[in-house]
Amino acid sequence: MDKQLNFRPGNLALKLLFLITIATSAGCTIARGVAQTQKNPQLATSVIPVTGDDVTAETLEAPTLSTQAAEESIDLTAYPNTIWVDVNRGSDVNKGISLEESVQTIQQAARLAVPGTVVRVMPGIYHEEVIPASSGTETQPILYIAEEGLGSVLVRGSESSSSLTWTQLTYNTVGLPAAVDPRNIYYADISTWGLETAPRYLVELDNQGEIFTRINPAREPDWHTVTEYKYSEHWWSANGGSTVAGCDPTTNANNDCDFSWRSYTQLTDTLTDTAPTDIEAGNLKTLGNISGATLIALDARHGNYIYRRTVTGHEISTGRITVNERCEDDGNPGLGWGSKYYLENHPALVDHPGEWWYDKNTQRLYLWPTSGKNPAQSKLEISRYDNAFDFSNQSNIILNGFKVELFNGDAYRIINNGDSGKSYGDQIKNSSVRYANRGIVIYNYVVGTDPTYAIDGFLLENSEVSFMDSAGMEISFWWPDAPSPNTFSYAGVRNTTIRNNVFHHLAFASQDRSAVGIRSFFPDHLTFEGNHL
């Protein structure tokens, strides 16, 4: 790694960038330095502003990725079969045997591809999920390639706001703050999407069709960052768990003097914070009933764990909320004095343009557009699909030159369970994955003693992983009674290579209790070299 990693205590970035937990490991390599293909890094604007931010986009110095044709150094004649894909001119009733007879979707090509097939994907935006029907072999892999290189093929898990029917509210029948004119709000029925939770992303595109702004769910305190890595600096700070704490741990000789007031399921806040000086005023006594909202909170003891829970009860007079699941800090109650927190996705929290919420009961998406216009007239994308590429139990499949974004789940995943899954030699090259919950997930649950049931030889090379709400990359395996060595039989993920990639802006809105950007449990022959964090 070619850049000093400065971990700063007291903020959510403490464990953000890189964590490797090593147990029963062998032959792991963490190499330093930038690969020769990335010797000349250029400045690239890499921060997407969030609605409500008070800072302009920073300039991130990072190695640039090649935008030349991905197939430039690949002998496509080595593949005896070819399937052409063209979202603009193709049709899935075709066989894809020529450009003129191309199929329209990558998924249709994935149904047709057999060992020794190159899937040549023409430029365009593909709104779909891809699950291959067949594996390649070691001598005849299946190659999916962006015909004109990185950036020419965009796989999006979103739908345009223009494809939806929006209705303007006329009366406040949904619980908006009294001061909000309901005519500012539009809603769309997205019940046909089959979502179990709110869409993860609602973004605005610029005139070139690139993501310009992320619009966050309605929240209190409102979105506000001054120093980018201090993500939680302007969250509110609670003064109790089950009730107001009877001591101040920062001035008491016993830093755990508030322990008896901490709670697994309750958080209390009765005071408006005075620091930072520009923090939004308010607490749990100043809000209307926010039952049904989502609580995002850090643990009271050291701000190491992050909890995302549904509020099931709100006692406004005492400034106390109750949540649906336990919040644990290594077995102890996690909520209490000093827990930094905010609340989101509730109509009572909508107080200015550029906020939205999702009503899971009616499956309606409500939005206060920044433009004041019907959202159908805006360049908005709303994440719909879960996972972009699911290569679970598939082998020898290569992705080359793809740009993947705006998925509610994982951008790329291999998740094998039990003694029926094998994934050998899968690769991602010259690609960009961004804006998903997790970027690349490699996981195997080991059952039995046959070491062939494994994920072996995965490669990520010359690619970008960025703007993930949770981990940018997770590489792990598990077994019955893990992490006990007594039941360990063999490494379920091995011979992994992560080389010459760029990782940035990871885990700042983590769905996991531990906010970590890159995570590997029990690495076995893992090579991590030439990467830029």
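Thresholds, definitions, all that
Residues numbered from 1 in each chain as written. Predicted model: local features only at pLDDT ≥ 70, side-chain atom pairs only at ≥ 80, totals over all residues. Heavy atoms only, no water. Helix = DSSP H or I, 4+ residues; strand = E, 2+ residues; numbered from the N terminus. Contact = heavy atoms within 4.5 Å. Areas by Shrake-Rupley, 256 points an atom, 1.4 Å probe, with all protein chains shown as cover. Pairing = 2+ DSSP bridges. Phe/Tyr/Trp six-rings, centres within 6.5 Å; stacked < 30°, edge-to-face > 60°. Buried < 20%, exposed > 50% of the residue type's maximum accessible area, 1.4 Å probe, protein only. Lys NZ or Arg CZ within 6 Å of the ring centre and 35° of its normal. Axes fitted to C-alpha atoms, helices over the stretch in contact; angles between N-to-C directions. Salt bridge = Lys/Arg side-chain N within 4 Å of Asp/Glu carboxyl O. Disulfide = S-S within 2.5 Å. Core = buried A, V, L, I, M, F, W, Y, C linked by side-chain atoms within 4.5 Å. pLDDT = per-residue confidence, 0-100. Polar contact = N/O pair within 3.5 Å; in protein donor to acceptor, adjacent residues only side chain to side chain.

Peer 1: How should the overall build of the protein chain be read in this particular structure?
Peer 2: Counting secondary structure elements, the protein chain contains one helix and 43 strands. Counted over contacts in the protein chain with a minimum sequence separation of 6, partners at least 24 positions apart contribute 75%. Accessible surface, the protein chain as shown: approximately 22,200 Å² in total, 47% of it carbon and sulfur.

Peer 1: How do you make sense of the sheet that holds strand β39 (residues 493-494) when you look at a structure like this?
Peer 2: Pairing between sheet strands relies on hydrogen bonds along the backbone, with the strands arranged either parallel or antiparallel. Read across the sheet, three strands follow the order β31-β35-β39 without closing on themselves; strand pairing throughout is parallel. The sheet is open, and its two edges are formed by β31 (423-424) and β39, each paired on a single side. Pairing analysis gives two bridges linking strand β35 (residues 455-456) to β39, with the strands arranged parallel. Across the sheet, the residue bridging to isoleucine 455 is valine 493, located in β39.

Peer 1: Would you mind going over the packing of aromatic side chains with me for this structure?
Peer 2: Aromatic rings considered in pairs are described by the distance between their centres and by the relative angle of their planes. According to the stated counting rule, one finds 22 aromatic pairs in the structure shown. Here tyrosine 412 and phenylalanine 458 contribute two aromatic rings whose centre-to-centre distance is 5.8 Å and whose plane-to-plane angle is 40°, an arrangement assigned as tilted. Residue tyrosine 412 is found in strand β30 (residues 410-417), and its partner phenylalanine 458 is found in the loop between β35 and β36 (459-461); the two are separated by 46 residues along the sequence. Assessed through its relative accessible area of 1%, tyrosine 412 is described here as buried. Overall, the relative accessible area of 1% leaves phenylalanine 458 in the buried class. Its end group placed over the ring of tyrosine 305, arginine 513 keeps NZ or CZ at 4.0 Å from the ring centre.

Peer 1: Whenever I open this one, the side chain of threonine 294 confuses me. Can you help?
Peer 2: Among the secondary structure elements, threonine 294 is positioned in strand β18 (residues 294-298). Setting aside residues no more than four positions away along its own chain, threonine 294 makes contact with Arg308, Arg309, Tyr342, Leu343, Glu344 and Asn345.

Peer 1: Would you explain the sheet that holds strand β13 (residues 202-205) in this entry?
Peer 2: On the basis of which strands lie adjacent, the open sheet formed by four strands has the order β10-β26-β13-β14 and antiparallel pairing. The open sheet has two edge strands with one neighbour each: β10 (158-160) and β14 (211-214). Each adjacent strand pair in this sheet contributes to an overall mean axis angle of 35°, direction not counted. Looking at chain direction, β10 and strand β26 (residues 380-383) are connected through three bridges and run antiparallel. Residue serine 160 lies in a different strand from β26, and its bridge partner there is glutamate 381.

Peer 1: I tried to follow the pattern of salt bridges on my own but got confused; where do I start?
Peer 2: Pairs may arise between side chains of opposite charge once their charged atoms sit close together. Summed over all chains, the structure comprises 26 salt bridges. One salt bridge connects aspartate 86 with arginine 89, and the closest N-O pair in it is separated by 3.2 Å. The partner of arginine 301 in a salt bridge is aspartate 329, with the nearest N and O atoms 2.7 Å apart. One end of the pair, arginine 301, is in the loop between β18 and β19 (306-315); the other, aspartate 329, is in strand β21 (residues 328-329), with 28 residues separating them in the sequence.

Peer 1: Where do I start with the state of the cysteines in this structure?
Peer 2: Note on terminology: disulfide describes a covalent bond linking the sulfur atoms of two cysteines. As enumerated under the stated definition, the model contains one disulfide in all. Between cysteine 247 and cysteine 257 runs a disulfide, and the two sulfur atoms are separated by 2.1 Å. Here cysteine 247 and cysteine 257 share a disulfide; its torsion about the S-S bond, 105°, makes the bridge right-handed. Of the two residues, cysteine 247 is situated in the loop between β16 (236-237) and β17 (266-268) and cysteine 257 in the loop between β16 and β17; the sequence distance between them amounts to ten residues.

Peer 1: I tried to follow the pairing of strand β38 (residues 473-478) on my own but got confused; where do I start?
Peer 2: Every regular strand shows the same layout, with side chains that alternate between the two sheet faces. Burial within β38 is extensive, with five of its six residues counted as buried. Sheet topology note: the strand β34 (residues 438-445)/β38 ladder contains six bridges and is parallel. In the sheet register, isoleucine 440 faces β38, and the bridge partner there is methionine 473.

Peer 1: How should the nonpolar core be read in this particular structure?
Peer 2: Across soluble globular proteins, nonpolar side chains show a tendency to be buried alongside one another. Ranked by internal contacts, the top residues of the largest apolar core, which has 59 residues, are Tyr144, Phe389, Phe402, Tyr412 and Ile440. Ignoring any residue separated from it by four or fewer positions in sequence, one finds phenylalanine 402 in contact with Ile106, Val121, Tyr144, Ile145, Ala146, Leu150, Val153, Val155, Phe389, Asn430, Ser431 and Ser432. Ranked by size, the runner-up nonpolar core spans 30 residues in total, among them Leu169, Val180, Tyr307 and Ile321.

Peer 1: How should I be thinking about the confidence of the model for the protein chain in this particular structure?
Peer 2: Low-confidence regions, as indicated by low pLDDT, have predicted coordinates that should not be scrutinised in detail. Across the protein chain, the average pLDDT comes to 87, with 86% of residues at 70 or higher. For residues 20-63, every residue scores under 50 in pLDDT, and the model assigns this stretch 107 contacts once sequence neighbours within four places are set aside. Here residues 66-71 scores under 50 on pLDDT; set against residues more than four positions off or in separate chains, the count is 19 contacts.

Peer 1: Any chance you could explain the environment of lysine 95 here in plain terms?
Peer 2: Along the chain, lysine 95 turns up in the loop between β5 (81-85) and α1 (106-112). Along the sequence, lysine 95 and isoleucine 83 sit twelve residues apart, while their C-alpha atoms lie 7.5 Å from each other.

Peer 1: Would you mind showing me how to read the environment of tryptophan 479 here?
Peer 2: Mapped onto the elements, tryptophan 479 comes out in the loop between β38 and β39. Distance in space between the C-alpha atoms of tryptophan 479 and glycine 448 is 9.0 Å, their sequence separation being 31 residues. Leaving out residues up to four positions away in the same chain, tryptophan 479 has contacts with Tyr445, Val446, Ser484, Thr487, Phe488 and Phe522. A distance of 3.0 Å separates the side chain of tryptophan 479 from the backbone oxygen of serine 484, its partner in a polar contact.

Peer 1: Just to check I follow, could you spell out unusual backbone geometry for this structure?
Peer 2: Of all residues except glycine, most have a negative phi; of all peptide bonds, most are trans. Cis rather than trans, the peptide bond between glutamate 220 and proline 221 has omega equal to -5°. Looking at the element boundaries, proline 221 is found in the loop between β15 (219-220) and β16. With omega at -5°, the peptide bond leading from alanine 275 into proline 276 counts as cis. Even without a glycine there, the phi angle at alanine 507 is positive, about 70°. Accessibility expressed as a relative area gives 0% for alanine 507, which makes it buried. Of note in this structure, histidine 525 is not a glycine but carries a positive phi near 50°. Here histidine 525 shows up in the loop between β42 (518-521) and β43 (526-529). Using a relative accessible area of 36% as the deciding quantity, one classes histidine 525 as partly exposed.

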